[in-house]
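Residue strings, one per chain:
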Amino acid sequence: MINKSLKQLGAMLQGKEISSVELTQEFLNRIDRLNPAINAFITLDKDRTLAQAKRADEMLSAGKGTALTGLPIGQKDIFVAKGWRTTCGSKMLETFIGPYDADIIERFDASGAVNLGKTNMDEFAMGSSNETSYFGKVQNPWDRSRVPGGSSGGSAAAVAARLCAAATGTDTGGSIRQPASLCGLSGLKPTYGLASRFGMIAFASSLDQSGPMAKSCEDMALMMNVITGFDKRDSTSLNREKEDYTRDLNKPLAGLKVGLPKEYFAEGLGADVAKVVQEAIAEYKKLGAEMVDISLPNTQLSIPVYYVLAPAEASSNLSRFDGVRYGHRAKEYGDLMDMYCKSRAEGFGAEVKRRILIGTYVLSAGYYDAYYLKAQQIRRLIAQDFENAFKQCDIIMGPTAPSTAFKTGETADDPVAMYLQDIYTIAVNLAGLPGMSIPAGFAPSEDGKRLPVGLQIIGNYFDEARMLNAGHAYQQATDWHTQMPEGIE
Ligand code: GLN
């Protein structure tokens with residue numbers, strides 16, 4: 001049961017083989033048993049969750065069920081949900097209760113899906129290991145001494161440990177794809193503007209995008225059908241016709257032109273990861289895809305550009321957390337300025353403070369042209385690289401992350417080493433393109449554990465249906481995506 005897909009569980013619910021209350025209870029029992037160690041969920045509200053399951057059963061009995069009705073989904077704790085504690089992984093919001101629903105929460109709710117709980121994350125989505133969360137680190141179910149990736153590390157670990165059938169994530173520079181890669185799941189960051197950011201706590205608004213984290217591309221297609229759509233409450237939401245992302249799942253891949261960027265297979269890529277990715281590419285050739293060598297010449301600039309732009313936007317977005325408008329307020333303080341300073345000093349963790357300092361620096365009058373403006377110009381060149389590449393190919397493939405999951409604490413004193421985790425994912429956000437990671441196999445660790453490796457698939461704007469088709473075809477031919485870590489039975 002726990003390894004069944006959303007699609008399969010949905011069929012069981014529709015066929016009355018099981019009720020949503022029973023299914024939800026089964027996952028809640030697993031959370032009770034496994035979550036104290038894994039720490040993937042940080043807020044549960046069983047009464048609320050079971051009430052939703054009950055409502056779903058009523059919808060199903062009345063013949064009003066949709067594809068996701070009755071299915072329990074983990075929600076990243078970056079999404080404001082009415083009546084639910086919403087912390088964004090920060091002490092700043094430790095006691096904050098959502099006064100309304102984020103667009104994505106509303107959409108899942110309307111579909112009849114069940115909110116199973118809020119998942120752990122790096123503080124304000126800043127990180128690649130889930131170690132910056134105020135609520136503690138998350139274990140990677142494949143090797144408990146390693147990180148699950150981040151910032152959507154709680155969602156990734158929850159799905160990998162089969163504590164839920166699927167979860168949501170957000171991706172500003174790789175936060176859906178990198179944890180999906182490190183935990184052996186499928187994760188998709190849609191084209192910028194396809195999913196509303198309303199009620200998603202902002203990190204870097206021009207990059208942030210929510211998306212599905214699931215066991216298969218087929219399940220992600222079902223979730224994309226729910227997540228996407230115009231929302232007038234988000235000024236960057238795109239007003240386009242709604243698509244059915246399942247429509248192309250079973251198309252044959254013959255003739256699909258796959259671009260392989262030489263910069264993604266260069267120095268910095270772990271040999272163990274490279275081997276698995278090459279094997280996946282060989283499988284795609286068997287499925288009829290044609291490989292084309294391409295170049296994304298500005299790849300090396302994506303990390304420096306991101307670490308100017310994302311902190312700049314974050315420093316502005318996080319100014320609302322001052323102990324007055326939002327967030328923790330220091331108990332003892334002198335004047336107003338002292339209250340702001342103490343509240344922010346106490347409420348934010350070290351990584352968030354580092355980003356705010358960088359952000360305010362690059363935006364300051366004397367440095368704006370040298371850093372912020374320059375980074376915006378290079379961002380344009382990075383988007384241009386992809387525009388040129390897509391003249392030669394339909395989709396792009398490469399590794400999602402340069403390494404498999406690393407040991408907890410390994411990058412503690414070296415933030416730049418952590419930043420390099422996103423070398424292959426960040427450019428996609430800078431260009432606003434859709435990107436996806438799917439499990440492509442395993443690399444053994446020194447101590448003999450099987451560590452998942454992800455294959456990244458990057459599409460042109462609005463080409464999610466084609467990416468999901470490519471991923472689904474591979475998942476029909478391989479079984480990496482159905483494998484489970486040991487010790488979670
Ligand atoms: N790891 C990147 C960072 O720390 C990306 C995070 C994200 O996508 N939210 O900023």
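Note: the structure precedes this text.
Residues numbered from 1 in each chain as written. Predicted model: local features only at pLDDT ≥ 70, side-chain atom pairs only at ≥ 80, totals over all residues. Heavy atoms only, no water.

### Some thoughts on the environment of Val276
This is how the line gets drawn: A helix here means a DSSP run of H or I that spans at least four residues, while a strand means a run of E at least two residues long, and both kinds are numbered starting from the N terminus. Remark: exposure states derive from per-residue accessible area (1.4 Å probe, protein chains only) relative to the maximum for the residue type, with buried under 20%, exposed over 50%, and partly exposed in between. Contacts are assigned to residue pairs with any non-hydrogen atoms lying within 4.5 Å of each other.
Mapped onto the fold, Val276 is located in helix 8 (residues 271-286). On the accessibility criterion, Val276 (4% relative accessible area) is buried. A sequence separation of 163 residues divides Val276 from Pro439, and the C-alpha atoms of the two residues are 9.9 Å apart. Each residue touching Val276, except ones within four places of it in the same chain, is listed here: Ala440, Gly441, Phe442 and Val453.

### Observations concerning the environment of Leu9
Checked against the element boundaries, Leu9 lands in helix 1 (residues 6-14). For the pair formed by Leu9 and Ala165, sequence separation is 156 residues and the distance between their alpha carbons is 8.7 Å. Dropping the residues within four chain positions of it, Leu9 is found in contact with Met1, Lys4, Leu23, Phe27, Leu71 and Ala165.

### Quick word on helix 7 (residues 217-227)
Burial of helix 7 is extensive: nine of the eleven residues sit out of reach of the surface. Taken together, the buried positions of helix 7 are Cys217, Asp219, Met220, Ala221, Leu222, Met223, Met224, Val226 and Ile227. One or two positions beyond helix 7, positive phi appears at Gly229, with a value near 140 degrees.

### Quick look at the nonpolar core
What counts here: Buried residues of nine kinds, namely Ala, Val, Leu, Ile, Met, Phe, Trp, Tyr and Cys, make up a nonpolar core once their side-chain atoms join them within 4.5 Å.
Membership of the largest hydrophobic core comes to 141 residues, with the highest contact counts inside it found for Phe124, Tyr284, Phe386 and Ile457. In contact with Ile457, not counting residues within four places along its chain, are Tyr284, Ile395, Ile396, Met397, Pro434, Gly435, Met436, Ile438, Met467, Ala470 and Gly471. Membership of the second largest hydrophobic core comes to six residues, among which are Val147, Leu182, Phe406 and Met418.

### Concerning the site of the ligand
As a reminder, the rule being used: Whether a residue is near a molecule or strand depends on its heavy atoms: if one lies within 4 Å, it is near. Any N or O atom pair separated by 3.5 Å or less is treated as a polar contact, with the protein-specific requirement of one donor-capable and one acceptor-capable atom, and with residues adjacent in sequence counted only for side-chain atom pairs. Methods summary: accessible areas were calculated by the Shrake-Rupley approach with a probe of 1.4 Å, and residue burial reflects only the protein chains presented. In the cavity and pocket records, a cavity denotes points on a 1 Å grid over the protein atoms alone where a 1.4 Å probe fits but cannot get out, a pocket denotes an open set with protein on both sides within 12 Å along at least 5 of 7 lines, and lining residues are residues with an atom within 4 Å of a point. In this description, a molecule resides in a pocket or cavity if more than half of its atoms sit within 2 Å of the grid points defining it.
Near the ligand you find 15 residues, and of these Ser128, Gly173, Ser175, Tyr306 and Asp422 are the closest. In this structure, an oxygen atom belonging to the ligand sits 2.7 Å away from a main-chain N or O atom of Thr172. Contacts to the ligand include Gly174, whose backbone N or O atom sits 3.2 Å from an oxygen atom. Burial of the ligand by the protein amounts to 100% of the accessible area it has alone, namely 290 Å². In this structure, the ligand is accommodated by the largest cavity.

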